[in-house]
Amino acid sequence: MSTKHEKILQYIESLPVGDKISVRQIAKEMQVSEGTAYRAIKEAENRRLVSSIERVGTIRIEKKKKENIERLTFAEIVNIVDGQVLGGKSGLHKTLTKFVIGAMQLDDMMRYTDAGSLLIVGNRFKAHENALKAGAAVLITGGFDTTEENKRLADELELPIISSSYDTFTVATMINRAIYDQLIKKDILLIEDIYVPIEETATLKNTDLIADFHNLNLKTSHGAFPVVTGANKLVGMITVKDVIGKEESESIDKVMTKNPISGSMKTSVASAGHRMIWEGIDLLPIVNDEGILKGVISRQDVLKALQHAQRQPQHGETIDDLVKSEIKVLGEEDVVVEFTVTPQMTNQYGAISYGAFTTLLSEVGSFALKRRKRGDAVAENMTIYFLKPIQMESVLTVVPHILDMSRKFVKMDFDIYNETTLVGKAMMMFQLLER
């Protein structure tokens, strides 16, 4: 059974793109309290199903797939630039294809402006009119207005005219930053991107017998299965280890692991992989908020996905990417790393920030383990027990030493030098991601 919250979200998703919705309308339509309706609309906004704009309201917008997440709707532009909608409100749900900055003569400007564009321009009324007639929306910078005729034309053509108090350069920077952040989100793999859906998942019922486990094991050669009720609610996990020495006629719910560890669709793949290794499980059931089984992921799926992600060209640069780009490996056998501290990596005192420093050590440690043919690793914990202020533009040498290594964990020590001076020492524990 779906909760009220889920039903409201399904209802919102079923609405035509461009529809306006309100808390009161949803509460009345779905017969729920206004508080419940408000929370569901906020969740819909997080899922990018709707966009809420001051003085306009909440509009159903197109949900973006990961491949075109960098495409924005006019409604999202309004929020990014703190804009005011002067006309064409009914076109706010539309997606724009490109930006044109109107810093040229009118005729030249129009050569670049076509349907689906957004013309970013100041108080040039003729340019506003020509852009609308060409099928483009208009973003007026500097907080200027436009003519009443242009507002009427915008309403008629369902193309928004937006006014922002920021100047053209600031507006372009803000939009660029928003697209950039979305590209970083696009690179983060979630369970929903890789899971095996319920239709393709082999499961057992809690009323089945151990004999049924053996039959399914022979048929699929899987060593573990989620156990569900008749309503598909996850109640357990059963593996080959659980059935060793048990009678064929014994019930599964007597030997299964009850209340098993599970994941949700919005969990990141890296986080799920980390937990699977830590808990020593090979198969993770994926459930919704009500505990209904939606599918599974295996440790193999996680490793494949993470390796594939590492080979992808990165669009959005995170702090991790900036740190990685400054690492130069010097040693052939024993790893020694040279690293330059750039201005983006410093704190308010101009010294290297803890975030950049810990990322550096984590990356160097992972690389040293790969050199030892130990595959992928995740930093489990870190102790920095000596650190001098390291100024920007410093060139550091990082020397990792493996102190202890088992099948699942590695303990590593780091010496960090600036020229010949020891400026930092740290110890880290890594968890090995075994196949």
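Residues numbered from 1 in each chain as written. Predicted model: local features only at pLDDT ≥ 70, side-chain atom pairs only at ≥ 80, totals over all residues. Heavy atoms only, no water.

1. Section: the overall build of the protein chain
- Secondary structure assignment for the protein chain yields 16 helices and 21 strands.
- Against the compact-globule benchmark of 22 Å for 435 residues, the protein chain has a radius of gyration of 28 Å, which places it well outside the compact range.
- Along the three orthogonal principal directions, the C-alpha set of the protein chain runs to about 85 × 70 × 35 Å.
- The long-range fraction of contacts in the protein chain, counting pairs at least 24 apart against all pairs at least 6 apart in sequence, stands at 54%.
- Summing over all exposed atoms, the protein chain offers an accessible surface of approximately 22900 Å²; the carbon and sulfur share of this is 51%.
- Side-chain charges in the protein chain split into 54 positive and 59 negative, and the spacing between the mean points of these groups amounts to 2 Å. (Helix = DSSP H or I, 4+ residues; strand = E, 2+ residues; numbered from the N terminus. Rg over C-alpha atoms; globule rule 2.2 N^0.38 Å. Contact = heavy atoms within 4.5 Å. Areas by Shrake-Rupley, 256 points an atom, 1.4 Å probe, with all protein chains shown as cover. Lys, Arg positive; Asp, Glu negative; His and termini not counted. Charge placed at Lys NZ, Arg CZ, Asp CG, Glu CD.)

2. Things to note about the sheet that holds strand β8 (residues 161-163)
- Read from one edge of the open sheet, five strands run β4-β8-β7-β6-β5, paired in mixed fashion. Whereas interior strands pair on both sides, the edge strands pair on one side only; in this sheet they are β4 (84-87) and β5 (98-101). Geometrically, the sheet is characterised by an average inter-axis angle of 25 degrees between neighbouring strands, direction not taken into account.
- Pairing of strand β7 (residues 137-140) with β8 involves three bridges; the strand directions are parallel. Each residue of the ladder has a partner; that of L139, found in β8, is I162.
- Docked against the sheet, helix α6 (residues 125-133) engages β6 (117-121), β7 and β8, running at close to 155 degrees with respect to β7.
- Its contacts with the sheet put helix α7 (residues 148-157) on β4 and β8, and the angle it makes with β4 is roughly 90 degrees. (Pairing = 2+ DSSP bridges. Axes fitted to C-alpha atoms, helices over the stretch in contact; angles between N-to-C directions.)

3. Examining the UniProt feature "domain: CBS" (unreviewed entry) in the protein chain
- Using the residue numbers shown here, the UniProt feature "domain: CBS" (unreviewed entry) corresponds to residues 197-254 and 256-318.
- As annotated, residues 197-254 comprises 31% helix and 24% strand, and the C-alpha atoms at either end are separated by 27 Å. (UniProt positions renumbered as here; feature names shortened; annotations may be inferred.)

4. Concerning the environment of E192
- Along the polypeptide, E192 turns up in helix α9 (residues 191-194).
- Exposure remark for E192: the relative accessible area of 32% places this residue in the partly exposed category.
- Sequence separation of E192 and R47 is 145 residues, and the distance between their C-alpha atoms is 13 Å.
- Apart from the residues within four sequence positions on either side, E192 is in contact with M265 and K266. (Buried < 20%, exposed > 50% of the residue type's maximum accessible area, 1.4 Å probe, protein only.)

5. Topic: unusual backbone geometry
- Phi angles above zero are rare outside glycine, and N232 is one such case at about 70 degrees.
- Note on placement: N232 falls in the loop between β11 (224-228) and β12 (234-239).
- With a phi close to 45 degrees, N259 is a non-glycine residue in the positive phi region.
- Here N259 lies in the loop between β13 (257-258) and α13 (269-279).
- Of the residues examined, N259 reaches a relative accessible area of 72% and is grouped as exposed.

6. What to know about the pairing of strand β3 (residues 57-60)
- Here two bridges tie strand β1 (residues 20-21) to β3, and the two strands are oriented antiparallel to one another. Note that in β3 the partner of I21 across the bridge is T58.
- Bridge count for strand β2 (residues 50-53) against β3 is four bridges, and the pairing is antiparallel. The partner of I53 across the bridge, within β3, is G57.
- Here β2 hands over to β3 after three residues, with R55 in that stretch at a positive phi of 65 degrees.

7. Concerning the packing of α6 against α7
- Direction vectors running N to C along α6 and α7 enclose 15 degrees, while the axes themselves pass 10 Å from each other. Between α6 and α7, the crossing angle belongs to the class labelled roughly parallel. In the crossing of α6 with α7, the sense of the turn from one axis to the other is left-handed. Counted together, F125, H128, E129, L132 and K133 of α6 and N150, L153, A154 and L157 of α7 form the full contact between these two elements. (Parallel < 35°, antiparallel > 145°, perpendicular 65-115°, else oblique. Left-handed = near helix turned anticlockwise from the far one by under 90°.)

8. A short note on the sheet that holds β11
- Spatial ordering of the open sheet is given by β10-β11-β12-β13, a layout of four strands whose pairing is mixed. The open sheet is flanked by β10 (204-205) and β13, the only strands paired with a single partner.
- Across five bridges, β11 lies against β12 in antiparallel orientation. In the sheet register, P226 faces β12, and the bridge partner there is M237.
- Relative to β11, helix α10 (residues 210-220) is tilted by about 130 degrees, and along the sheet it contacts β10, β11 and β12.

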